[in-house]
Amino acid sequence: MRLQLHRLGGTVIFRPTVESDLDRFLPLIVADPASDMTADTYKARLADGEYRPSWTWLAEDASGGAPLALAIWWGDPDDAQPSALDGVFVHDSVRSTTDRTTLAAELLTAAHAAYARAGATVAPEYHFFLPGDWHDRPDTVAALAWRQGAARHAGLPASLERLRYEWTPQVGLPEPSGRVLFCAEPNDEVFVDLFRRVLAGTLDAASRKEAEHIGAEAQARGDVAFYRDTMLGDRSWWRVARTPDGEVVGFGLPSRNHAFPVVGYLGVLPDHRGHGYADEILAEITRILASETDPERVRADTDLTNAPMAAAFERVGYRNNARRLVLSAH
C-alpha cells in the first residue's frame, strides 16, 4: 500500500520495499550513536529471514530520487508479523530535528496501520541497544531524541530502560550450595502456575504491565508459549527450584536467541524472596548454559529499577556492559 502526504515541500510516499529497492536504500543504513545496524548486518538478516522486504518500509519523494527515510522491523523467520522495530534512518538532506521527527513518525504510522490491517493487535516495540553511560553522551542523546519523538507520535509512548548483563566462562561459577535442588519438569501447566504466582509483587515492569492489560492467567500462558515456541533454547533445560524438603521456591528458564545463550527467565515465589534464592537459580541457569552451549558469553537483561535482580547478577559474576531502551504502546 502507498500513502501520500504533503510534507517537506512535496508529496511523500510511504510504502514497503520490494527486492529491487535494495540498492537504493542500503546507503541510508549507516551506524550512528543510537544504532549499530549497518548495510552488511541488514543483508545478513535479510538472507536468514529475520528481515524481509515487506517489513522494510521507505519514504520517498513522489518526484523520484534517493529514499528520504527507512524503517526496518525484525521477526523470527517463521513469524507472520514482525516482532520489533530494529532501526529508523533519515537521509542527511532532511536536516532539522523537527522534519526528521515528522518524516519518521509518518513512516512508522503508515507501517503500523498496514500491520494492523494484516492482523497485528499492537504495534511492535522499538528496541535500542545503547552504551551504559548513554545519558552522558550528547551525540547519543541527540541521535535518540528524534527517533523517540517519532515513535511517540506513531503510537509508542511508553519507555522502559533495561540493564544488559554479560557472563563469560573466564569468570567461573560457584558450585551448587545444596540450599536449592533443581529438577526438570515436563508439564507446561506447572510452569504456567509458577509464572502466574511470581507476578505478585514482581519488579519486572513489562510482565506487570502486560498482566494488568490481559490478566495474570493469560500472561502466564503467553510467557510459557513464548519461551517454548519462540525462543531457541531446549525445553528440557527448564528447571523448578526446591528446598531440600521439597518446597518450591522458584524456577529458571535457560534459553538462547539467534545470537547468544541467554538467561531467559528467573522467578522467585513471593514468600521466598529476600533469601538469596535468585542467586542460586541464576547460577544454575548459567551452569546449564555453560554445559549445553559451550558459550563465549551468556547475556541477560533486567529492568533498571529491579535492584535486587541487578545485585544477583553482580554476585554471580555477570557484568553490566550496556543498556536496552524499549519503546512500546503501553
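Residues numbered from 1 in each chain as written. Predicted model: local features only at pLDDT ≥ 70, side-chain atom pairs only at ≥ 80, totals over all residues. Heavy atoms only, no water.

J.: Please clarify how the overall build of the protein chain should be interpreted in this entry.
T.: Helices and strands together make up the secondary structure of the protein chain, namely 9 helices and 13 strands. Relative to the compact-globule value of 20 Å for 330 residues, the protein chain shows a C-alpha radius of gyration of 22 Å, a close match. Principal-axis analysis of the C-alpha atoms places the extent of the protein chain at approximately 75 × 40 × 35 Å. Buried positions account for 48% of the 330 residues belonging to the protein chain. Positive and negative charge centroids in the protein chain, built from 34 and 47 side chains respectively, lie 3 Å apart. (Helix = DSSP H or I, 4+ residues; strand = E, 2+ residues; numbered from the N terminus. Rg over C-alpha atoms; globule rule 2.2 N^0.38 Å. Buried < 20%, exposed > 50% of the residue type's maximum accessible area, 1.4 Å probe, protein only. Lys, Arg positive; Asp, Glu negative; His and termini not counted. Charge placed at Lys NZ, Arg CZ, Asp CG, Glu CD.)

J.: Which parts of the structure should I look at to understand the environment of P169?
T.: Position of P169 relative to the elements: it lies in the loop between β7 (158-167) and β8 (181-184). By relative accessible area, which is 36% here, P169 ends up partly exposed. Discounting chain neighbours no more than four positions away, the residues touching P169 are P295 and E296. (Contact = heavy atoms within 4.5 Å.)

J.: What am I meant to see in the nonpolar core here?
T.: Considering soluble globular proteins, one finds that nonpolar side chains tend to be buried as a cluster. Formed by 36 residues in total, the largest nonpolar core has its most connected members in W57, W73, V88, L103, L108 and Y126. Looking at this core, the element that brings in the most residues is helix α3 (residues 97-117), giving 9 residues. Within the second largest apolar cluster, 26 residues are counted, among which are L163, A283, V298 and A300. (Core = buried A, V, L, I, M, F, W, Y, C linked by side-chain atoms within 4.5 Å.)

J.: Where do I start with α3 in this structure?
T.: Each full turn of the α-helix corresponds to 3.6 residues, which orients residues three or four apart in the same direction. When the terminal C-alpha atoms of α3 are compared, their 30 Å separation across 21 residues agrees well with the 30 Å that a helix rising 1.5 Å per residue should span. After α3 finishes, the residue G119 shows a positive phi value of roughly 120°. (Expected span 1.5 Å × (residues − 1).)

J.: Looking at this model, I keep getting lost on unusual backbone geometry. Mind explaining?
T.: One can expect most non-glycine residues to show negative phi and most peptide bonds to be in trans. With a phi close to 45°, D294 is a non-glycine residue in the positive phi region. With respect to the helices and strands, D294 occurs in the loop between α8 (277-293) and β12 (298-303). Here D294 falls in the exposed class, since its relative accessible area comes to 68%.

J.: Can you walk me through the packing of helix α6 (residues 205-214) against helix α7 (residues 216-230) in this structure?
T.: The axes of two packed helices give the description: the angle between them and the distance between them. Remark: α6 packs on α7, axes separated minimally by 7 Å, with the N-to-C direction vectors making an angle of 125°. Overall, the two elements α6 and α7 adopt an arrangement that is oblique. In the packing of α6 onto α7, the handedness of the crossing is right-handed. From α6, S207, E210, A211 and I214 reach across to α7, where they touch A216, A218 and Q219. (Axes fitted to C-alpha atoms, helices over the stretch in contact; angles between N-to-C directions. Parallel < 35°, antiparallel > 145°, perpendicular 65-115°, else oblique. Left-handed = near helix turned anticlockwise from the far one by under 90°.)

J.: Could you clarify how one ought to interpret the packing of aromatic side chains in this entry?
T.: Any pair of aromatic rings gets described here by the distance separating the centres and the angle formed by the planes. Applying the stated rule across the entire model yields 14 aromatic pairs. Between the aromatic rings of F25 and Y42, the centroid separation amounts to 5.5 Å while the plane-to-plane angle is 90°, which identifies the pairing as edge-to-face. Pair noted here: F25 is in helix α1 (residues 22-25) and Y42 is in helix α2 (residues 39-47), with a separation of 17 residues, a long-range link. The class for F25 is buried, based on a relative accessible area of 1%. Of the residues examined, Y42 reaches a relative accessible area of 1% and is grouped as buried. Put simply, the rings of F191, F195, F226, Y227, W238, F251 and Y265 touch in pairs and so form one group of aromatic residues. (Phe/Tyr/Trp six-rings, centres within 6.5 Å; stacked < 30°, edge-to-face > 60°.)

J.: Any chance you could explain the layout of surface pockets here in plain terms?
T.: Rolled over the atoms, a probe with the dimensions of a water molecule shows which regions are left empty. Of the voids in this model, the second largest pocket is the one considered here, and its volume is about 170 Å³. Contributing to the lining of the second largest pocket are P27, L28, V30, D32, F89, V90, H91, D92, R100, W146 and R147. Among the secondary structure elements, those contributing two or more residues to the lining of the second largest pocket are β5 (84-90) and α4 (138-153). Here the lining of the second largest pocket is composed, by residue class, of 6 nonpolar, 1 polar and 4 charged. (1 Å grid on protein atoms, 1.4 Å probe; cavity = no way out; pocket = protein on both sides within 12 Å on 5 of 7 lines; lining within 4 Å. Points joined across faces, edges and corners; volume = space filled by probe spheres on them. Nonpolar A, V, L, I, M, F, W, Y, C, P; charged D, E, K, R; others polar.)

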